[in-house]
Structures are given as C-alpha cells and as structure tokens.
Amino acid sequence: MLSNIGVPGLIMILVLALIIFGPKKLPEMGRAVGQTLKEFKKSAKELADDNVEMVNSLEDTKKA
C-alpha cells in the first residue's frame, strides 16, 4: 500500500501535514508516533517470548 507513494507523494504528504498542523505541532506528533511504535514493538516481542516459553514448557511436559 505505502510502497506506491514514492518520494514526490511523501513530500506532498509532509507539506500538507505542515500546513494543517503547523511547525510547532509536528515534532510532538512525531514523538508520539515514535513512542507508540516503540511500545508496539515491545509488546509484540513480549508476546512472542511468552509463546516460545509456552511451547517449551509444553514440550518439556510431553517428554516427562
């Protein structure tokens, strides 16, 4: 979906965001998006680690 945008499209989106939100609000929004992505990655990693632990514990109970 986003692979079809290209550089000109991305520049257009950034210019529109600058016009709509203003130069003072964009850094705040960028930080918020970055923190959200960081939390999402952390949660996904924890979920994957929990799944690995569960599979390992099930394998251990089958061996016993």
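Residues numbered from 1 in each chain as written. Predicted model: local features only at pLDDT ≥ 70, side-chain atom pairs only at ≥ 80, totals over all residues. Heavy atoms only, no water.

A.B. asks: Before we move on, can you summarise the overall build of the protein with the specific residues and values?
C.D. replies: What the protein contains, in helices and strands, is two helices and zero strands. Taken against the 2.2 N^0.38 rule, which gives 11 Å for 64 residues, the C-alpha radius of gyration of the protein at 21 Å runs more than 25% over that of a compact globule. For the protein, the spread of C-alpha atoms along the principal axes amounts to about 65 × 25 × 10 Å. Per-residue burial over the protein gives 3% buried out of 64 residues. Distance from the positive charge centre (9 side chains) to the negative charge centre (8 side chains) of the protein: 11 Å. (Helix = DSSP H or I, 4+ residues; strand = E, 2+ residues; numbered from the N terminus. Rg over C-alpha atoms; globule rule 2.2 N^0.38 Å. Buried < 20%, exposed > 50% of the residue type's maximum accessible area, 1.4 Å probe, protein only. Lys, Arg positive; Asp, Glu negative; His and termini not counted. Charge placed at Lys NZ, Arg CZ, Asp CG, Glu CD.)

A.B. asks: Describe the environment of proline 27, and please don't skip the residues or the numbers.
C.D. replies: Inspection of the secondary structure puts proline 27 in helix α2 (residues 25-63). Residue proline 27 is classed as partly exposed on the basis of its relative accessible area of 41%. Through-space distance from the C-alpha of proline 27 to that of valine 55 is 42 Å; in sequence the pair is 28 residues apart.

A.B. asks: Help me get a handle on the packing of helix α1 (residues 6-21) against α2, residues and values and all.
C.D. replies: Two numbers describe how α1 lies on α2: the axes approach to 9 Å, and their chain directions differ by 115 degrees. Residues Ala17, Leu18 and Phe21 of α1 pack against Lys25, Leu26 and Met29 of α2. A per-class count over the contact of α1 with α2 returns five nonpolar, no polar and one charged. (Axes fitted to C-alpha atoms, helices over the stretch in contact; angles between N-to-C directions. Contact = heavy atoms within 4.5 Å. Nonpolar A, V, L, I, M, F, W, Y, C, P; charged D, E, K, R; others polar.)

A.B. asks: Quick rundown of a nonpolar patch on the surface? Include the residues and the values.
C.D. replies: A cluster of nonpolar side chains, namely Val7, Ile11, Met12, Val15, Leu16, Ile19, Ile20, Phe21 and Met29, defines an oily patch on the protein surface of about 890 Å² accessible area. Looking at the nonpolar patch element by element, the count peaks at eight residues for α1. Secondary-structure assignment places methionine 29 in helix α2. (Patch = residues over 30% accessible without salt bridge, like charges linked within 9 Å, V, L, I, M, F, W, Y side chains within 5 Å. Areas by Shrake-Rupley, 256 points an atom, 1.4 Å probe, with all protein chains shown as cover. Salt bridge = Lys/Arg side-chain N within 4 Å of Asp/Glu carboxyl O.)

A.B. asks: Now, about the pattern of salt bridges: what can you tell me, with residues and values included?
C.D. replies: Throughout the structure, instances matching the rule amount to two salt bridges. Between lysine 25 and glutamate 28 there is a salt bridge whose closest N-O contact spans 3.6 Å. With lysine 25 and glutamate 28 both in helix α2, this residue pair falls three residues apart, about one helical turn. For lysine 25, a relative accessible area of 42% puts it in the partly exposed group. Assessed through its relative accessible area of 43%, glutamate 28 is described here as partly exposed. The salt bridge involving lysine 45 is made with aspartate 49; its shortest N-O contact spans 3.2 Å. Here lysine 45 and its partner aspartate 49 are both found in helix α2, four residues apart, which amounts to about one turn of the helix. Classification of lysine 45 by relative accessible area gives exposed; the value is 54%. Owing to a relative accessible area of 36%, aspartate 49 belongs among the partly exposed residues under this scheme.

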